[in-house]
Amino acid sequence: MRRPFVAGNWKMNLDRASAAALAKAIVEGVEAFPLVDVAICPPFVYLSAVGEIVAGTRVGLGAQNLYPEPKGAFTGETSPLMLKDVGCTFVILGHSERRAMGESSDFVNEKVLAALEAGLQPIVCVGETLRQRKENKTSAVIRRQVEGSLAGLSAEQLSRCVIAYEPVWAIGTGENATPEQAEEVQSEIRQLIGIRYGREAAESLRIQYGGSVTPANAESLMKMPDVDGGLIGGASLKADSFLAIIAAAKTCKAS
Ligand code: PEP
């Protein structure tokens, strides 16, 4: 059985006071949904403050990126050990907004390995652009990103990862993938994992959907058999909409 997992990607939003207020409201609100795992991913500078609020609660703390070295002369970067030190258990890696800045699947792979080495659970993002979808390249792009980002992982390492399918054309656009489009790609991802790691590993892997998830469309997406929760951007910035999506994740099929 896969427990549904909903994570909020706050991106480069909020300030110290509003980040703390949002974290407190989520900590209180999630008590009503014990069957759904929840994490929030604030900007780096607010990780410590939010980490203190969520410590010892059901809400996990995640970062939005890391640099794949333990320490050293890497100006402006943040190491996996630093993230652990401030209470992170998750880290989003390979988000399309970072891939768009030139981050390759090889580099994402280095980050995934570094995260695992430090004991962090990576949320590995993959997704096609609108152009790739129109050119019928979705499956090939997803396969390259999944295989590249997860290269060299043992089955045990894979079991500590989460994959987020995030079609680039659906992120922050208000145009979500239909439940059928999400299911088609997410079942393909599960099949790919099955080919490489076996059926059991594929069946236990959690695959989130991300891209314009709102309280209005969440339930129809979460009901699909291979959708195990969501990575939520815009709608995670307000407690009521994020909590409504968490409520919808109770309907995840595999839970
Ligand atoms: C995201 O950035 O991961 C995301 C899914 O954003 P949004 O929900 O705003 O589309």
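Look above for the structure.
Please read all numbers here as calculations on a predicted model, not as lab measurements. Along every chain, residues carry numbers that run from 1 in the direction the sequence is written. Per-residue local features are limited, in this predicted model, to residues with pLDDT of at least 70; the limit for side-chain atom pairs, both in listing and counting, is 80 or more; totals at the level of whole chains, interfaces and linings are taken over all residues. Note: side-chain values were computed over all heavy atoms of the structure, leaving out hydrogens and water.

(A) Structural context of the nonpolar core. Membership of the largest hydrophobic core comes to 70 residues, with the highest contact counts inside it found for Ile 26, Ile 40, Val 50, Ile 189, Ile 193, Tyr 209 and Ile 246. Ignoring sequence-local partners within four residues, the contact set of Ile 246 consists of Val 6, Val 30, Phe 33, Val 36 and Val 38. For our purposes a nonpolar core is just a set of buried Ala, Val, Leu, Ile, Met, Phe, Trp, Tyr and Cys residues, chained together by side-chain atoms within 4.5 Å. Relative accessibility under 20% of the residue-type maximum defines a buried residue, over 50% an exposed one, and the middle range a partly exposed one, all with a 1.4 Å probe and only protein chains included. For this analysis, residues touch if any pair of their heavy atoms sits within 4.5 Å.

(B) Quick peek at the site of the ligand. A single heavy atom is enough: if one lies within 4 Å of a molecule or strand, its residue is considered near that molecule or strand. Taken together, 14 residues are adjacent to the ligand, and Lys 11, His 95, Glu 166, Gly 172 and Ser 212 come closest. Two N or O atoms form a polar contact when they lie within 3.5 Å of each other; inside protein one atom must be a possible hydrogen donor and the other a possible acceptor, and for residues adjacent in sequence the pair counts only when both atoms belong to side chains. Interatomic distance of 2.8 Å between a side-chain N/O atom of His 95 and an oxygen atom of the ligand. Contact distances for the ligand include 2.8 Å between an oxygen atom and a backbone N or O atom of Gly 233. When grouped by side-chain class, the residues that make up the shell around the ligand number four nonpolar, eight polar and two charged. Residue classes follow a fixed rule: Ala, Val, Leu, Ile, Met, Phe, Trp, Tyr, Cys and Pro count as nonpolar, while Asp, Glu, Lys and Arg count as charged, and any other residue, Gly among them, counts as polar.

(C) Quick peek at the packing of aromatic side chains. Here the aromatic set is Phe, Tyr and Trp, taking the six-membered ring for Trp, and pairing holds for ring centres within 6.5 Å; pairs whose planes are under 30 degrees apart are stacked, those over 60 apart are edge-to-face, and all others are tilted. Applying the stated criterion across every chain yields a total of four aromatic pairs. An angle of 70° between the planes, with centres 6.2 Å apart, marks the rings of Tyr 67 and Phe 107 as edge-to-face. Of the two residues, Tyr 67 is situated in the loop between β3 (59–63) and α3 (80–85) and Phe 107 in helix α5 (residues 105–117); the sequence distance between them amounts to 40 residues. Given the relative accessible area of 21%, Tyr 67 is considered partly exposed. Exposure remark for Phe 107: the relative accessible area of 26% places this residue in the partly exposed category. Clustering of aromatic rings is evident, with ring pairs tying together Tyr 67, Phe 74 and Phe 107. The numbering of helices and of strands both runs from the N terminus, where a helix is a DSSP run of H or I of at least 4 residues and a strand a run of E of at least 2.

(D) Focus on the packing of helix α7 (residues 138–149) against helix α9 (residues 179–197). Between α7 and α9, whose axes approach to 10 Å, the crossing angle comes to 45°. If you check the angle between α7 and α9, you find them oblique. The element α7 and its partner α9 pack so that their crossing is right-handed. Mapping the contact onto sequence places Thr 138, Ser 139, Ile 142, Arg 143, Val 146 and Glu 147 in α7 and Val 185, Glu 188, Ile 189, Leu 192, Ile 193 and Arg 196 in α9. Across the contact of α7 with α9, the residue classes tally to six nonpolar, two polar and four charged. To obtain each axis, a line is fitted to C-alpha atoms, and for helices this fit is confined to the stretch in contact; angles are then taken between N-to-C directions over 0 to 180 degrees. In this scheme, roughly parallel covers angles under 35 degrees and roughly antiparallel covers those over 145, while 65 to 115 is roughly perpendicular and the rest are oblique. Two helices crossing with the near one rotated counterclockwise from the far one by less than a right angle form a left-handed crossing, whereas a clockwise rotation gives a right-handed crossing.

(E) Examining helix α1 (residues 16–29) more closely. Multiplying one less than the number of residues by 1.5 Å gives the expected span of a helix. Under the 1.5 Å per step criterion, the end-to-end length of α1 is 20 Å for 14 residues, consistent within 8% with the ideal 20 Å. For α1, the set of buried residues is Ala 19, Ala 20, Leu 22, Ala 23, Ile 26, Val 27 and Gly 29.

(F) Structural context of the environment of Leu 153. If you trace the backbone, Leu 153 turns up in the loop between α7 and α8 (155–158). The spacing of Leu 153 and Val 112 is 41 residues in sequence and 8.9 Å in space, taken between C-alpha atoms.

(G) Layout of the environment of Ser 18. Relative to the helices and strands, Ser 18 resides in helix α1. Using a relative accessible area of 29% as the deciding quantity, one classes Ser 18 as partly exposed. In this structure the side chain of Ser 18 is engaged in a polar contact, spanning 2.7 Å, whose partner is the side chain of Asp 15.

(H) Local environment of the state of the cysteines. Disulfide assignment relies on a single distance test, namely cysteine sulfur atoms paired within 2.5 Å. Enumeration over the complete set of coordinates arrives at zero disulfides. Unpaired in terms of disulfides, Cys 125 finds its nearest cysteine sulfur in Cys 41, a separation of 9.3 Å. Summary of cysteine pairing: Cys 252 is not part of a disulfide, and the nearest cysteine sulfur, belonging to Cys 125, is at 17 Å. Taking the relative accessible area as the measure of exposure, Cys 252 reaches 5% and is therefore buried.

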